[in-house]
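Structural description and commentary
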Amino acid sequence: KYPRKIFSGIQPTGQLHLGNYLGAVQKWTQLQNSGDDVTYCIVDMHSITIPQNPAVLRENIFEMAATMLACGLDPQKSTIFVQSSVQEHTELGWILSCLCTMPRLGHLPQYKEKSRTVKDVPLGLYVYPVLQAADIMLYKATHVPVGEDQLQHIQLTQHLSRIFNTKFGQTFPICHAMIDNHDAARIRSLRNPAKKMSKSDLDTKATINIRDAPEVIVEKIKKAVTDFTSDVTYEPEARPGVSNLVVIHSMVSGTPIEKVVAEARAIDTGRYKLRVAEAVVEHLKPIRLAIDEHLAQKNDLIHLLESGAERARQVAQQNIVEVKEKMGL
Ligand code: ADP
Ligand code: NA
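Presented here is an overview of the structure given in this document. As the structure is a prediction and not an experimental result, all values here were calculated from the model. (Residues numbered from 1 in each chain as written. Chains lettered and ligands numbered in written order. Predicted model: local features only at pLDDT ≥ 70, side-chain atom pairs only at ≥ 80, totals over all residues.)

1. Points about the overall build of the chain
When you go through the chain residue by residue, the secondary structure sums to 13 helices and 5 strands. In terms of overall dimensions, the chain is globule-like: its C-alpha atoms have a radius of gyration of 21 Å, near the 20 Å expected for 329 residues. In terms of overall dimensions, the chain has a C-alpha envelope of 70 × 45 × 45 Å along the principal axes. Residues classed as buried in the chain amount to 38% of the 329 residues present. A separation of at least 24 residues holds for 75% of the contacts in the chain among residues at least 6 apart in sequence. (Helix = DSSP H or I, 4+ residues; strand = E, 2+ residues; numbered from the N terminus. Rg over C-alpha atoms; globule rule 2.2 N^0.38 Å. Buried ≥ 20, exposed ≤ 12 C-beta atoms within 10 Å, placed from the backbone. Contact = placed C-beta atoms within 7 Å.)

2. Brief notes about the nonpolar core
The biggest cluster of nonpolar side chains holds 77 residues, and the ones touching the most others in it are Met68, Ala133, Ala134, Ile248, Val276 and Val280. In contact with alanine 133, other than residues within four places in its own chain, are Leu96, Leu156, Thr157 and Leu160. (Core = buried A, V, L, I, M, F, W, Y, C linked by C-beta atoms within 7 Å.)

3. Side note on unusual backbone geometry
Even without being glycine, lysine 140 reaches a positive phi, approximately 50°. Summarising the element assignment, lysine 140 is placed in the loop between helix 7 (123-137) and strand 4 (143-145). The partly exposed category is assigned to lysine 140, around which 19 C-beta atoms lie within 10 Å.

4. Brief notes about helix 12 (residues 269-296)
Here helix 12 is 28 residues long and its end C-alpha atoms lie 39 Å apart, about the 40 Å a rise of 1.5 Å per residue gives. Leucine 284 marks where helix 12 bends most, by close to 35°; the proline proline 286 follows one to four residues later. Among the residues making up helix 12, those that are buried are Thr269, Tyr272, Lys273, Val276, Ala277, Ala279, Val280, Leu284, Ile291 and His294. Those residues of helix 12 hidden inside the fold are in contact with helix 3 (54-70), helix 9 (214-222), helix 10 (240-253) and helix 13 (298-327). (Expected span 1.5 Å × (residues − 1). Bend = angle between axes of the 7 residues up to and from the residue.)

5. Side note on the packing of helix 4 (residues 88-97) against helix 13
Orientation of helix 4 relative to helix 13, taken along the N-to-C sense of each, is 25°, at an axis distance of 10 Å. The angle between helix 4 and helix 13 places the two elements in the roughly parallel class. Helix 4 and helix 13 meet at a crossing whose hand is left-handed. Counting all contacts with helix 4, which are made through Glu88, Glu91, Leu92 and Ile95, the residues of helix 13 involved are Ala316, Gln317, Ile320 and Val323. (Axes fitted to C-alpha atoms, helices over the stretch in contact; angles between N-to-C directions. Parallel < 35°, antiparallel > 145°, perpendicular 65-115°, else oblique. Left-handed = near helix turned anticlockwise from the far one by under 90°.)

6. What to know about the pairing of strand 3 (residues 78-82)
In terms of burial, strand 3 is largely enclosed, as 5 of its 5 residues are buried. Covered by surrounding structure in strand 3 are Ser78, Ile80 and Val82 together with Thr79 and Phe81, the residues of both alternating faces. Where strand 2 (residues 38-42) and strand 3 come together, 5 bridges link them in parallel fashion. Within strand 3, the position partnered with valine 38 by the bridge is serine 78. (Pairing = 2+ DSSP bridges.)

7. Things to note about the pairing of strand 2
With 5 of its 5 residues buried, strand 2 lies for the most part within the structure. Because side chains alternate across strand 2, one face comprises the buried residues Val38, Tyr40 and Ile42, and the other comprises Thr39 and Cys41, equally buried. Looking at chain direction, strand 1 (residues 6-10) and strand 2 are connected through 5 bridges and run parallel. Residue pairing across strands places isoleucine 10 opposite isoleucine 42, the latter belonging to strand 2. Crossover strand 1 to strand 2 through helix 1 (residues 18-33) is right-handed. (Right-handed = clockwise from strand over helix to strand, strands pointing away.)

8. A word on the packing of helix 4 against helix 7
Viewed as axis vectors pointing N to C, helix 4 and helix 7 meet at an angle of 120°, and their least axial separation amounts to 8 Å. In this view, helix 4 runs oblique relative to helix 7, as classed from their interaxial angle. Seen along the crossing, helix 4 lies across helix 7 with a hand that is right-handed. Touching His89, Leu92, Gly93, Leu96 and Ser97 of helix 4 are Val127, Val130, Leu131, Ala133, Ala134, Asp135 and Met137, all from helix 7. Class assignment of the residues belonging to the contact of helix 4 with helix 7 gives a composition of 8 nonpolar, 3 polar and 1 charged. (Nonpolar A, V, L, I, M, F, W, Y, C, P; charged D, E, K, R; others polar.)

9. A look at the environment of isoleucine 6
Mapping isoleucine 6 onto the fold places it in strand 1. Of the residues examined, isoleucine 6 has 22 C-beta atoms within 10 Å and is grouped as buried. Apart from residues no more than four positions distant in its own chain, isoleucine 6 is found in contact with Leu31, Asp36, Asp37, Val38, Thr39, Ala141, His143 and Pro145.

10. Concerning the environment of tryptophan 94
Structurally, the position occupied by tryptophan 94 is in helix 4. Sequence spacing of tryptophan 94 and isoleucine 154 is 60 residues, and the spatial spacing of their C-alpha atoms is 18 Å.

So, to be careful, I would describe these as geometric facts and stop short of saying anything about function.
Right, here's the structure in full:
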């Protein structure tokens, strides 16, 4: 009934790390190139749920836009824009917050986790999953590529779509979460392979950032925690450290895991690390240079985000008019 439509968002929180890149933005590019109808949003309104520095936030928005382009997103094929420049997001967010109960939000694990580290919890931090639902529903998206940790938020979106449809008539599709469930979908911390690679990791050697200099990447991978076995195998349960390197190597080189392992048969993990580092450096180098180039042309970025917003607005306005009419607004 509804045409296949993909929506995803990313917060403008500084640099992407290798996990964000391989787990999200690289997949977005693949979806774009497979001819899907794709909309990708820099969700700055989500970034103000915790205190922000205005100058840093503004710079981070540009950096994220530059990064998305450098990673292969093409504004001719993807709608790329900044959330706060399409006001219908917050309008639908308010409307949906009137359809959502407080207990339904309080149970969400991300809120529980985040509110533990914040002393005075802002209302926005509590309701941001509703804004996230609005982001998706505003475009009547049918598919949402997200990480596993977002599953509950997608379920909230499905729940709110059903409530709206039941109360006011069929309006929204029930969206599907596109989640990669296999081991290789999750890039792990280089220092503690039991954890996922994350920007909130305090150990700066645990995370490879997309703009890291080649020698920094080499250093971090050399120091990656593996185990006492020296051959290279892919056993995510028993040997998460070396398996993580195999996954990274496979993903940046576009080589299947079995082939990566077979080609490393003659070398030990020490030498293998250098091979992985080389592949990562080679893969990220053009991206890093392209980010710098895009950031040097800020007017082009502004222009591009504005035309993306213009395209997003056309859909958003049409859908918000339908919503308001159905609700008697
Ligand atoms: P972080 O956990 O570093 O704060 P986010 O939660 O902002 O990252 O995630 C942004 C996107 O990157 C999401 O789609 C998420 O699923 C993906 N992602 C984050 N960390 C990883 C990882 N280690 N491996 C694969 N994908 C990841
Ligand atoms: Na996260």
